[in-house]
Amino acid sequence: MAALALEDATRAAALDAVAALLARCGVEDARRDARALLLAAGGFTAAELLLDPAAKLGAAACARLRDYALRRAAREPVSRILGARGFWTQDLLVAPRVLDPRPDTETLIELSLELMGERRREPLRILDLGVGSGAILCALLAELPDARGIGVDLSAAACAAAAVNLSRCGFARRASILRGRWADALAARFDLIVSNPPYIASGELDGLEPEVRLHDPRLALDGGADGLNCYREIAEQLPRLLAPSGAAVLEAGDGQARSLVALLAEKGLAPAGIRKDAGGRERAVAARRRD
Ligand SMILES: C[S@@+](CC[C@H](N)C(=O)[O-])C[C@H]1O[C@@H](n2cnc3c(N)ncnc32)[C@H](O)[C@@H]1O
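Quick caveat: nothing in here was measured; it's all calculated off a predicted structure.

Here we take up the sheet that holds strand 9 (residues 282-289). With mixed pairing, the 7 strands of this open sheet are ordered in space as 5-4-3-6-7-9-8. Two strands close off the open sheet at either side, each with one partner strand: strand 5 (175-179) and strand 8 (269-276). On average, each strand axis in the sheet is tilted by 20° relative to the strand beside it, whichever way the strands run. By the bridge criterion, 5 bridges tie strand 6 (residues 190-195) to strand 7 (residues 242-251) in an arrangement that is parallel. Paired with Ser195 across the strands is Leu250, a residue of strand 7. Against the sheet, helix 10 (residues 229-241) contacts strand 3 (125-129), strand 6, strand 7, strand 8 and strand 9, and its axis sits at roughly 165° relative to strand 7. Along the sheet face, helix 11 (residues 257-266) touches strand 7, strand 8 and strand 9 and points at about 10° away from the line of strand 9.

Under the UniProt annotation, "binding site: S-adenosyl-L-methionine" (unreviewed entry) lies at Gly130, Val131, Gly132, Ser133, Gly134, Asp153, Trp182 and Asn196. By secondary structure assignment, the location of Gly130 is in the loop between strand 3 and helix 7 (135-143). Take Gly130: its relative accessible area is 22%, and that puts it in the partly exposed class. Not counting residues up to four positions away in its chain, the partners in contact with Gly130 are Val152, Asp153 and Trp182. Relative to the elements of secondary structure, Trp182 occurs in the loop between strand 5 and strand 6. Judged by its relative accessible area of 14%, Trp182 is buried. Sequence-distant contacts of Trp182, defined by excluding residues within four places in its chain, comprise Leu129, Gly130, Val152, Pro197, Pro198, Cys230, Glu233, Ile234 and Gln237.

Quick notes on the rules
- Residues numbered from 1 in each chain as written.
- Predicted model: local features only at pLDDT ≥ 70, side-chain atom pairs only at ≥ 80, totals over all residues.
- Heavy atoms only, no water.
- Pairing = 2+ DSSP bridges.
- Helix = DSSP H or I, 4+ residues; strand = E, 2+ residues; numbered from the N terminus.
- Axes fitted to C-alpha atoms, helices over the stretch in contact; angles between N-to-C directions.
- Contact = heavy atoms within 4.5 Å.
- UniProt positions renumbered as here; feature names shortened; annotations may be inferred.
- Buried < 20%, exposed > 50% of the residue type's maximum accessible area, 1.4 Å probe, protein only.

Below is the structure:
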């Protein structure tokens, strides 16, 4: 087990010790993560840490920090250790066996809101395919105050997590969660269809960082031989699901945006925009019906 001496430590010494341990274990931004774990374990703010770094941590906080630090050293993500993460404007619970939502997915929210434009105050019908934790649906319902949504997922754990998050965010009455395979069970039409489906090529899964490989469910990652299987399945369903002036917005994996546009075009959908994430990668792809 990794060594970590925290007995009688001050806040500053504890931060140094945890950061050093995480760095030795290959954690990329070791000090940032050490600080987040220290604040959570100690129950103080970043400002309080800055103002009083010499304060003693105390036995209970030390024990909590040790537990957090050893888990992070074993490459469990901070959001899973703390059980929570911020996404868009919402605070979400992060549940075991459910994908931990990523900041890059906010690109899909930005493009969706841009496309809804002046329709934002309309009673829009939203469909989220592969709802996971409910991150996308919660963000959209927060921005589109008269919208209602349906989230679908094949995973029972994801459906349960999405229901909890929708309820925590105050959207339980405006959304329903269905367990099933994409939109197989749905006959309605939607103004906005969003999806961040699994898109990693099966052969790449074993090479992913431990934070992803050991903690995100394979069902949320595996996009088949070329990573595009779920896009094909979803693209097949979109024409019958989109309302006449509706739009679909899908998250794209690295280097997949152009293939995704082509797949959507094969199903008769017109391109409606591509948006890059903060790292400059084409991350969200939109399409509309042609009629
Ligand atoms: C990449 S995760 C996205 C989760 C969430 N929307 C987000 O952005 O954080 C993909 C989700 O699709 C779900 N999924 C995979 N295959 C599915 C299928 N055939 N039908 C419905 N959901 C599926 C997974 O369980 C997982 O929750």
